[in-house]
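Structural characterization, general
Residue-level listing of the chains:
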Amino acid sequence: MKLLSIVTPFYNEKEVIEIFYERLAKALNSTNIHSEVILVDDGSTDGSFEIAKSIQERDNRVKVISLSRNFGQQSAITAGLNEARGEAVIVMDVDLQDPPEMIPALIEKFNEGYDVVYAVREKRKEGIIKRFCYRAFYRMLSKLSPVKLPVDTGDFCIMSRRIIDLLNSLPERNRYIRGLRSWFGWAQVGIPYERDRRYKGESKYTLGKLLSLALDGIVSFARLPFQILFFLGLAIIGATSVALLMCLLFLLTGISISLIIWILLFLLIFSGIQFICLGLIGEILGHISDEVKHRPHYIIRDKLGFKDF
Ligand code: UDP
Ligand code: MG
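These lines cover the structure that appears in this document, whether it is placed above or below. (Residues numbered from 1 in each chain as written. Chains lettered and ligands numbered in written order. Predicted model: local features only at pLDDT ≥ 70, side-chain atom pairs only at ≥ 80, totals over all residues. Heavy atoms only, no water.)

1. Comments concerning the nonpolar core
It is characteristic of soluble globular proteins that their nonpolar side chains tend to be buried jointly. Applicable threshold: Buried residues of nine kinds, namely Ala, Val, Leu, Ile, Met, Phe, Trp, Tyr and Cys, make up a nonpolar core once their side-chain atoms join them within 4.5 Å. Note on classification: 1.4 Å probe, protein chains only; a residue is buried when its accessible area is under 20% of the maximum for its type, exposed when over 50%, partly exposed between these limits. Strands are runs of DSSP state E lasting at least two residues, helices are runs of H or I lasting at least four, and both sets are numbered from the N terminus onward. We call two residues in contact when some of their heavy atoms are within 4.5 Å.
Judged by nonpolar contacts, the single largest core of 37 residues is most densely connected at Val 40, Leu 81, Met 159, Leu 167, Tyr 176 and Phe 184. For this core, the element with the most residues is helix H5 (residues 128–144), which contributes 5 residues. Contact partners of Met 159, with chain neighbours within four places excluded, come to Glu 87, Ala 88, Val 89, Val 91, Phe 110, Asp 115, Val 116, Ile 164, Leu 167 and Arg 181. Ala 25, Ile 55, Val 189 and Ile 191 belong to the second largest nonpolar core, which has 33 residues in total.

2. Some details on the coordination of the magnesium ion (ligand 2)
Heads up, the condition is: Water is not among the atoms examined, so metal sites may look incomplete; donors are the N, O and S atoms within 2.8 Å of the metal, or within 3.2 Å for Na, K and Ca.
The magnesium ion (ligand 2) binds to the protein through Asp 95 (OD) and Gln 97 (OE1), with metal-donor distances spanning 1.9 to 2.0 Å. Gln 97 matches Asp 95 in its accessibility class, with the two residues each being buried.

3. Here's the deal with the packing of helix H9 (residues 224–252) against helix H10 (residues 259–293)
So the rule is basically this: Every angle, taken between N-to-C directions, lies between 0 and 180 degrees, and every axis is a line fitted to C-alpha atoms, over only the stretch in contact when it is a helix. Under this scheme an angle from 65 to 115 degrees is roughly perpendicular, one under 35 degrees roughly parallel, and one over 145 degrees roughly antiparallel; angles in between are oblique. A clockwise turn of the near helix away from the far one marks a right-handed crossing, whereas an anticlockwise turn of less than a right angle marks a left-handed crossing. Note that Gly is not counted as nonpolar here; it falls among the polar residues with everything else outside the nonpolar set of Ala, Val, Leu, Ile, Met, Phe, Trp, Tyr, Cys and Pro and the charged set of Asp, Glu, Lys and Arg.
Closest axis-to-axis distance for the H9/H10 pair is 7 Å, and the angle between their directions is 160 degrees. As judged from the angle between their axes, H9 and H10 are roughly antiparallel. Crossing geometry of H9 relative to H10 is assigned as left-handed. Each residue belonging to the contact of H9 with H10 can be placed in one class, and the counts come to 22 nonpolar, 8 polar and 1 charged.

4. So, the site of ligand 1
Applicable threshold: Proximity is defined per residue: if any heavy atom of the residue lies within 4 Å of a molecule or strand, that residue is considered near it. Pairs of N or O atoms are called polar contacts if they sit within 3.5 Å, as long as, within protein, a hydrogen donor faces a hydrogen acceptor (for residues adjacent in sequence, only side-chain-to-side-chain pairs). Per-residue and other accessible areas were derived by the Shrake-Rupley procedure at a 1.4 Å probe size, with only the shown protein chains allowed to occlude residues.
Around ligand 1, the surrounding shell holds 20 residues, and the nearest of these are Glu 13, Asp 42, Asp 95, Ser 203 and Lys 204. The separation between an oxygen atom of ligand 1 and a polar side-chain atom of Glu 13 is 2.6 Å. Here an oxygen atom of ligand 1 sits 3.3 Å away from a polar atom, N or O, in the side chain of Tyr 134. If ligand 1 stood free it would expose 530 Å²; the protein chains cover 97% of that surface. Listing elements by their share of the shell around ligand 1, those giving two or more residues are strand S1 (4–10) and H5. Residues of the shell around ligand 1, tallied by class, amount to 6 nonpolar, 5 polar and 9 charged.

5. Topic: the side chain of Ser 48
In this structure, Ser 48 sits in helix H2 (residues 48–58). At 2.8 Å, the side chain of Ser 48 forms a polar contact with the backbone nitrogen of Glu 13. Among residues more than four places away in sequence, those in contact with Ser 48 are Phe 10, Asn 12, Glu 13, Lys 14 and Ile 17.

6. A closer look at the packing of aromatic side chains
Rules: Aromatic pairing here means that ring centres of Phe, Tyr or Trp (its six-membered ring) are within 6.5 Å. Orientation follows from the plane angle: under 30 degrees is stacked, over 60 is edge-to-face, and everything else is tilted. Look at NZ for Lys and CZ for Arg. If either is within 6 Å of the ring centre and within 35 degrees of the ring normal, a charge sits over the ring.
Inspection of every chain in the model, using the stated rule, returns 4 aromatic pairs. Between Phe 156 and Tyr 193, the ring centres sit 5.6 Å apart and the planes meet at 70 degrees, which makes this aromatic pair edge-to-face. In this pair, Phe 156 is assigned in strand S6 (residues 153–160) and Tyr 193 in strand S7 (residues 188–195), connecting sequence segments 37 residues apart. Exposure remark for Tyr 193: the relative accessible area of 6% places this residue in the buried category. Measuring from centroid to centroid gives 5.3 Å for Phe 230 and Phe 231, while their planes differ by 85 degrees, and the two rings are edge-to-face. Directly above the aromatic system of Phe 71 lies the positively charged group of Arg 69, at a separation of 4.0 Å from the ring centroid. Positioned above the aromatic ring of Trp 186, the side-chain terminus of Arg 162 is 3.8 Å from the ring centre.

7. Observations concerning H9
Stated formally: Here, expected helix span is obtained from the residue count minus one, scaled by 1.5 Å.
Over its 29 residues, H9 extends 42 Å from the first C-alpha to the last, a length consistent with the 42 Å expected when each residue adds 1.5 Å. Buried residues along H9 sit in contact with H10. Remark: Gly 254 follows H9 within two positions and exhibits a positive phi of approximately 95 degrees.

8. Considering the sheet that holds S6
Inclusion rule: Note on pairing: DSSP must find at least two bridges between two strands before they are called paired.
Taken in spatial order, the 7 strands make up an open sheet running S3-S2-S1-S4-S6-S5-S7, and their pairing is mixed. Of all the strands in the sheet, the pair left with one neighbour each is strand S3 (62–66) and S7. For this sheet, the mean angle separating the axes of adjacent strands, direction not counted, is 20 degrees. One ladder, built from 4 bridges, connects strand S4 (residues 88–91) with S6; its direction is antiparallel. The residue of S6 that forms the bridge with Ile 90 is Ile 158. The strands that helix H6 (residues 161–169) touches are S4, strand S5 (116–124) and S6; relative to S6, the one it contacts most, it runs at about 115 degrees.

9. Brief notes about the environment of Val 37
Looking at the element boundaries, Val 37 is found in strand S2 (residues 35–41). Val 37 gets classed as buried once you look at its relative accessible area, which sits at 4%. Along the backbone, Val 37 and Val 151 are 114 residues apart, and their C-alpha atoms lie at a distance of 28 Å.

10. What about helix H8 (residues 207–221)?
With 15 residues, H8 should reach 21 Å at 1.5 Å per residue; the first-to-last C-alpha distance of 21 Å fits that figure. In this structure, the buried side of H8 is in contact with helix H3 (73–83), H5, helix H7 (177–183) and H10.

11. Concerning the packing of H5 against H8
H8 packs onto H5 with a crossing angle of 15 degrees between their chain directions and a minimal axis gap of 9 Å. Relative to H8, the element H5 lies roughly parallel. In this structure, the crossing between H5 and H8 has a hand that is right-handed. Across the interface between the two elements, Tyr 134, Phe 137, Met 140, Leu 141 and Leu 144 of H5 pack against Leu 210, Ala 214, Gly 217, Ile 218 and Phe 221 of H8. Of the residues that constitute the contact of H5 with H8, the class distribution is 9 nonpolar, 1 polar and no charged.

Structure representation (structure tokens):
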């Protein structure tokens, strides 16, 4: 490998940047691979930028990008990926939850010929509620998405140049990078690791930011909910129609049916129609969002037998 890039976004992380750099430098030195480290300051206001700057002055492998305000982790990673020149790029957090000591293992697996090697969180050392929510979210999204999204994986991974070029070429704005990465296909594999606690400081993901990331994931990749709505609507109408027919039969045989039942049945029919309409609108919106995202129709792995004339 000619050049390895490390892309790390940070936001108000003055307690951890220095120790992150030390552990990263140690790990990189052990690989003997020519590398660049791109630290992306996502609008920090606590002096983190000055620390990153001092690291950059000390080590000429380090580059710093500073964003004009806080744009969010996914945008900060995008900024770093646009600048990365490496043949392979590793994306990792600054808070040492993604241990730099894993870098040699990622590279080793990558050298077996994979395009993406992602780290799979086998154990998380976080509170039980947070652990449960993460587990549930990744499993739900993976079920809802037509693309195979590996569970319990974050952005911590190594990606090949062609994956980075594809990511950089996508014009879509709400980026859920770990999902897009899977969407590209090619050879991808996970390696397990224990996710440490954050080294110091508080999580920079407020509940609002976390929910917004989760929503980006769902909106970008999940289409099943609208299909469920559509079929639920059909099922309600089907079942209500049968009940309505039975009521009419009862009526013919002289059994009277109370007004409440009739009202209930008509209400059910109308709610079924509404479900169907919502499902259709959702599907149409899904199609429109596919169009505006301009994702390529397909990505070719290889072409055989095509000759240039
Ligand atoms: N981060 C960022 N911008 C943000 C929020 C977070 O660049 O708006 C960075 C943060 O500094 C860290 C990484 O993204 O390097 C992951 O954030 P954090 O550790 O706070 O999230 P958690 O691990 O708790 O999900
Ligand atoms: Mg973290």
